[in-house]
Amino acid sequence: MSRSVPDAPAGPILGIETSCDETAAAVVDDGADVRSSVVSSQVDLHARFGGVVPEVASRAHVALIDEVVAEALVEAGVDFKDLVAVAACHGPGLAGALLVGVSAAKAIALASGIPYVGVNHLEAHVWASWLDEPTLPLPAVVLLASGGHTLLALVEGDLRTRVLGETVDDAAGEAFDKVARFIGLGYPGGPAIDRAAKEGDASAVDFPRPMLEAGDGFSFSGLKTAVVNRVREDPDLPTADVAASFQEAVVDVLTTKLLRTANRLDVPTVALGGGVAANSRLRERVAADAEAAGRRVHLPSPELCTDNAAMIAALAHRRLAADGPTPLDDGVTPGLRLSG
Ligand code: KG4
Ligand code: ZN
């Protein structure tokens, strides 16, 4: 069985993540040992708008980035001179937000004379499980479910990642956020629905399971509309029951397709990544179904599922070994995709 981690310069790498509404910095040694991971969430700034406002996010990143980087270095007990490289997420994400992290990383690289590494946010989410558990067997099928993306990826040795299928409309996290807003649970919706669902009956409403039988792709926009229509028809439905039934439909689709794909390809491992992977019901179902299917499962800690910079620094270690430094004239790519 192949291993995923080639040799790379030993020592601490500073990672920076500013693709959306978290300003994050982390120091990770050798792609495996997290010495610090600081995440400053802007949730309160965006909550009154019901979602992330790009210009507000960029300005908040500018205000926070120095402090967050300093805190990550102090917590790790290192100085700029101890770093072997500095990495930043260069896409996908909001252009202005990405520019803040990438510009900070390049400035540090220039001033400290160390390599800069631009990291793909989606690839970092997918490989987060190997930061937790570097010897997790490959190949693996990883379900990445976040606010902007929902996809199944086959990951193999030498950092090869192949997208098997992705959502044709809304991402799973986007559906959580939109449904939560509609039923009055506020923003961010995923954690709110997760909490509310614990008090509800998941079999109260039999919501559709979109694209359950169709290939490796996903679709969540119709499910969101089904929730809206059902609640309009029956305004007295308890919110907790709607939350639990909606969550059950999403979890059913995600889990069924993840395990079916893993069984078809006969891979030893399944893993999760992205903010929705923090969902307690999804974690429970994936763990149970993977065990029943005889596949090893890895569920990264919830802090490693939602946006963070440890996953950026860890992947940078592997990317640096595989590709070398990223040129300093390389910019940001808001629409960056996952491939290779
Ligand atoms: O990966 P992430 O932090 O940022 C993106 O790359 O998008 O994912 C954020 C998404 C949001 O849509 C949020 O509602 C969702 O992940 N999320 C959850 C939970 N925690 C975060 N969804 C369901 N259950 C959760 N516990
Ligand atoms: Zn993310």
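Everything numeric in this text was worked out from a predicted model, so none of it was measured.

Student: Hey, could you run me through the environment of Glu133 in this one?
Tutor: Among the structural elements, Glu133 can be located in the loop between helix H4 (121-132) and strand S6 (140-145). Note: C-alpha distance between Glu133 and Gly50 (83 residues apart in sequence) is 36 Å. Sequence-distant contacts of Glu133, defined by excluding residues within four places in its chain, comprise Arg296 and His298.

Student: What should I look at first to understand the coordination of the zinc ion (ligand 2) in this one?
Tutor: Note on metal geometry: ideal angles are 109.5 degrees for four donors arranged tetrahedrally and 90 or 180 degrees for six donors arranged octahedrally. Coordination of the zinc ion (ligand 2) by the protein involves His121 (NE2), His125 (NE2) and Asp307 (OD), with metal-donor separations of 2.0 to 2.1 Å. Coordination of the zinc ion (ligand 2) draws on donor residues from a single chain, spaced H-x3-H-x181-D in sequence. Residue His121 is located in helix H4, and its partner Asp307 is located in the loop between helix H10 (302-305) and helix H11 (310-323); the two are separated by 186 residues in the primary sequence. When sorted by exposure, His121 lands in the same class as Asp307, which is buried.

Student: What is the right way to read the packing of aromatic side chains from this model?
Tutor: What describes a pair of aromatic rings is the distance from one ring centre to the other and the angle between the planes of the rings. Overall, the coordinates contain three aromatic pairs when judged by the stated rule. With centroids separated by 5.0 Å and ring planes inclined at 55 degrees, the aromatic side chains of Trp127 and Trp130 adopt a geometry described as tilted. Of this pair, Trp127 and Trp130 are both found in helix H4, three residues apart, which corresponds to roughly one turn of the helix. Of the two residues, Trp127 and Trp130, neither departs from the other in class, the shared state being buried. Seen in terms of ring centroids, Phe218 and Phe220 are 6.1 Å apart; in terms of plane orientation they differ by 15 degrees. Their pairing is stacked. Each member of the pair Phe218 and Phe220 is classed as buried.

Student: Quick question: what am I supposed to make of the site of ligand 1 here?
Tutor: Near ligand 1 lie 19 residues; those nearest to it are Gly147, Asp177, Gly190, Asp194 and Gly275. Separating an oxygen atom of ligand 1 from a backbone N or O atom of Gly148 is a distance of 3.5 Å. If ligand 1 stood free it would expose 550 Å²; the protein chains cover 87% of that surface. When atoms are counted within 2 Å of each cavity's grid points, the one that captures over half of ligand 1 is the largest pocket. Counted by class, the shell around ligand 1 contains five nonpolar, 11 polar and three charged residues.

Student: Looking at this structure, how should I read helix H5 (residues 172-182)?
Tutor: Considered for burial, the residues of H5 that qualify are Ala172, Gly173, Ala175, Phe176, Val179 and Ala180. Buried positions in H5, seen along its axis, are confined to an arc of 155 degrees and lie on one side of it. In this structure, the buried residues of H5 make contact with S6, strand S7 (150-156), helix H6 (189-197), helix H7 (221-233) and helix H8 (239-265). Phi for Gly184, located one or two positions after H5, is positive at around 80 degrees.

Student: Before we go on, may I ask you to explain the packing of H5 against H6 in this structure?
Tutor: Between two packed helices, the angle of one axis relative to the other and the distance separating the axes together describe the packing. Contact pair H5 / H6: the axes reach a minimum separation of 7 Å and the direction vectors enclose 65 degrees. For the element pair H5 / H6, the angle class is roughly perpendicular. The handedness of the crossing between H5 and H6 comes out as left-handed. Residues Phe176, Asp177, Val179 and Ala180 of H5 lie in contact with H6, whose contacting residues are Gly189, Gly190 and Ile193.

Student: I would appreciate a short explanation of the sheet that holds strand S2 (residues 22-29) in the present structure.
Tutor: Backbone-to-backbone hydrogen bonds pair the strands of a sheet. The strands run either parallel or antiparallel. Strand order in the open sheet made by the five strands is S3-S2-S1-S4-S5, with mixed pairing throughout. Of all strands in the sheet, those with a lone pairing partner are strand S3 (33-41) and strand S5 (116-120), marking the two edges. Ignoring strand direction, the axes of neighbouring strands in this sheet form an average angle of 20 degrees. Docked against the sheet, helix H3 (residues 95-112) engages strand S1 (12-17), strand S4 (85-91) and S5, running at close to 160 degrees with respect to S4. Taken strand by strand, H4 contacts S1, S2, S3, S4 and S5, and its axis lies near 95 degrees from that of S5.

Student: Can you help me understand the sheet that holds strand S10 (residues 296-298) in this one?
Tutor: With mixed pairing, the five strands of this open sheet are ordered in space as S8-S7-S6-S9-S10. What marks the edges here is a single partner per strand, and that holds for strand S8 (160-166) and S10. Pairwise comparison of adjacent strand axes, ignoring direction, gives a mean angle of 20 degrees for this sheet. Examined bridge by bridge, strand S9 (residues 269-273) and S10 share three bridges and lie parallel to one another. The residue bridging Ala271 from the neighbouring strand is His298, located in S10. Lying on the sheet, H4 is in contact with S6, S7, S8, S9 and S10; it crosses S6 at an angle near 125 degrees.

Student: Explanation requested: the pattern of salt bridges in the structure shown.
Tutor: Opposite charge on two side chains makes pairing possible when the charged atoms of those side chains draw close. A complete count under the given rule lists 22 salt bridges for this structure. Glu123 is paired through a salt bridge with Arg319; the nearest N and O atoms lie 2.6 Å apart. In this pair, Glu123 sits in helix H4 while Arg319 sits in helix H11, placing the two residues 196 residues apart along the sequence. Arg319 shares its class with Glu123; the two are buried. Residue Asp266 pairs with Arg295 through a salt bridge whose shortest N-O separation is 3.0 Å. With Asp266 in the loop between H8 and S9 and Arg295 in the loop between helix H9 (280-293) and S10, this residue pair connects regions lying 29 residues apart in the sequence. A residue is classified by how much of its surface remains accessible, and Asp266, at 56% relative accessible area, is exposed. Of the residues examined, Arg295 reaches a relative accessible area of 15% and is grouped as buried. The structure contains a network of salt bridges with shared partners spanning Asp206, Arg209, Asp252, Arg285 and Asp289.

Calculation notes
- Residues numbered from 1 in each chain as written.
- Chains lettered and ligands numbered in written order.
- Predicted model: local features only at pLDDT ≥ 70, side-chain atom pairs only at ≥ 80, totals over all residues.
- Heavy atoms only, no water.
- Helix = DSSP H or I, 4+ residues; strand = E, 2+ residues; numbered from the N terminus.
- Contact = heavy atoms within 4.5 Å.
- Donors = N, O, S within 2.8 Å, 3.2 Å for Na, K, Ca; no water.
- Buried < 20%, exposed > 50% of the residue type's maximum accessible area, 1.4 Å probe, protein only.
- Phe/Tyr/Trp six-rings, centres within 6.5 Å; stacked < 30°, edge-to-face > 60°.
- Near = heavy atom within 4 Å.
- Polar contact = N/O pair within 3.5 Å; in protein donor to acceptor, adjacent residues only side chain to side chain.
- Areas by Shrake-Rupley, 256 points an atom, 1.4 Å probe, with all protein chains shown as cover.
- 1 Å grid on protein atoms, 1.4 Å probe; cavity = no way out; pocket = protein on both sides within 12 Å on 5 of 7 lines; lining within 4 Å.
- Sits in = over half its atoms within 2 Å of the grid points.
- Nonpolar A, V, L, I, M, F, W, Y, C, P; charged D, E, K, R; others polar.
- Arc of directions from axis to C-beta.
- Axes fitted to C-alpha atoms, helices over the stretch in contact; angles between N-to-C directions.
- Parallel < 35°, antiparallel > 145°, perpendicular 65-115°, else oblique.
- Left-handed = near helix turned anticlockwise from the far one by under 90°.
- Pairing = 2+ DSSP bridges.
- Salt bridge = Lys/Arg side-chain N within 4 Å of Asp/Glu carboxyl O.

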